[in-house]
Amino acid sequence: MNRDKVLVVFSGGQDSTTCLYWAKRHFKEVWALTFIYGQKHVAEVACAERIALQAGVHWDKMDISFVGSLARNSLTDTTMKMDEMQPAAGGPPNTFVPGRNLFFISIAAVYARERSISHLVTGVSETDYSGYPDCRDAFIKSLNVSLNLSMDEQFVLHTPLMWLDKCETWALADQLGVFDLVRRETMTCYNAIQGDGCGHCPSCKLRREGMERYLKEKAEGKEFKDLIYG
Ligand code: ZN
């Protein structure tokens with residue numbers, strides 16, 4: 001396995017784009033893999049390709065649309081109204097796609113192994129995780145062990161955003177010199193509007209509140225710790 005190479009699970013959103021540039025600082029050769037999982041908005045894929053090409057990394061896409069059809073969720077089902085907040089009854093909102101990160105990261109690991117890549121990066125975060133169980137650190141650590149056992153390899157799953165909130169994720173993008181790129185070029189919005197997005201979907205709300213807090217704290221002179229190497 002080559003320690004100079006890394007594969008980023010890449011959606012073209014704020015988090016994975018920040019991770020892509022984080023990976024460029026830590027590894028010589030960066031690969032980005034974008035999944036088509038049945039999401040309503042395939043514009044995300046074109047957005048991911050554009051960002052990856054601009055970043056000068058190897059880019060590839062893979063169609064695993066079956067993932068979105070295994071279980072009903074509002075990111076792949078056009079007839080379903082999207083939950084705008086956590087359900088009062090508990091459990092994750094209907095934007096949760098069961099198995100998504102399990103499939104993404106497992107497939108990415110097999111793809112990486114074929115290219116002698118042992119390092120993988122995913123932009124999941126436990127801090128602002130919207131109630132998605134597959135964004136939690138325990139899941140990632142457990143999957144890392146399972147992937148190693150399943151293929152007798154020594155994969156290393158990196159999660160640079162795991163303990164950062166959205167404000168700190170913006171701070172990291174700024175430290176990487178890509179704050180404006182992330183703000184303008186990425187697509188995080190559940191309604192597929194690039195940049196600042198629709199403004200009212202849960203993803204836009206989280207992103208905007210984080211950015212506003214970051215810009216306010218920066219204007220007040222707050223020093224953020226080194227989030228790239230720290
Ligand atoms: Zn939105």
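Our subject is the structure listed above.
All values derive from a computational prediction rather than experimental measurement. (Residues numbered from 1 in each chain as written. Predicted model: local features only at pLDDT ≥ 70, side-chain atom pairs only at ≥ 80, totals over all residues. Heavy atoms only, no water.)

A. Looking closely at the overall build of the protein. Secondary structure summary: the protein contains 8 helices and 5 strands in total. Taken from N to C terminus, the helices and strands of the protein fall in the order β-α-β-α-β-α-α-β-α-β-α-α-α. By the compact-globule yardstick of 17 Å for 230 residues, the protein fits well, its C-alpha radius of gyration being 17 Å. Over its C-alpha atoms, taken along the principal directions, the protein stretches across nearly 45 × 45 × 30 Å. Pairs at least 24 apart in sequence give 71% of the contacts found in the protein among residues at least 6 apart. Here the protein carries 26 positive and 29 negative side-chain charges, and the mean point of each set is 1 Å from the other. (Helix = DSSP H or I, 4+ residues; strand = E, 2+ residues; numbered from the N terminus. Rg over C-alpha atoms; globule rule 2.2 N^0.38 Å. Contact = heavy atoms within 4.5 Å. Lys, Arg positive; Asp, Glu negative; His and termini not counted. Charge placed at Lys NZ, Arg CZ, Asp CG, Glu CD.)

B. Structural context of the packing of helix α1 (residues 14–26) against helix α6 (residues 166–175). The interhelical angle for the contact between α1 and α6, taken along N-to-C directions, is 40°, at an axis separation of 10 Å. Between α1 and α6, the angle falls in the class oblique. The crossing of α1 and α6 is left-handed. Residues Q14, D15, T18, W22 and R25 of α1 pack against K166, T169, W170, L172, A173 and Q175 of α6. Grouping the constituent residues of the contact of α1 with α6 by class yields 4 nonpolar, 4 polar and 3 charged. (Axes fitted to C-alpha atoms, helices over the stretch in contact; angles between N-to-C directions. Parallel < 35°, antiparallel > 145°, perpendicular 65-115°, else oblique. Left-handed = near helix turned anticlockwise from the far one by under 90°. Nonpolar A, V, L, I, M, F, W, Y, C, P; charged D, E, K, R; others polar.)

C. The coordination of the zinc ion, seen in detail. Around the zinc ion, the donor atoms from the protein are C189 (SG), C198 (SG), C201 (SG) and C204 (SG), and they sit 2.3 to 2.4 Å away. Viewed at the metal, the 4 donor atoms of the zinc ion are separated by angles of 104 to 118°, and the geometry they form is tetrahedral. Mapping the donors of the zinc ion onto the primary sequence gives the spacing C-x8-C-x2-C-x2-C. (Donors = N, O, S within 2.8 Å, 3.2 Å for Na, K, Ca; no water. Tetrahedral: all angles 85-135°; square planar, octahedral: opposite > 155°, others 65-115°.)

D. Here's a closer look at the packing of α1 against helix α2 (residues 43–55). Running from amino to carboxyl end, α1 crosses α2 at an angle of 20°, the nearest separation of the two axes being 11 Å. Comparing their axes, α2 and α1 come out roughly parallel. With respect to the hand of their crossing, α1 and α2 are arranged in right-handed fashion. Contact residues: T17, L20, Y21 and K24 in α1; I51, A52, Q54 and A55 in α2. For the contact of α1 with α2, the class distribution of residues is 5 nonpolar, 2 polar and 1 charged.

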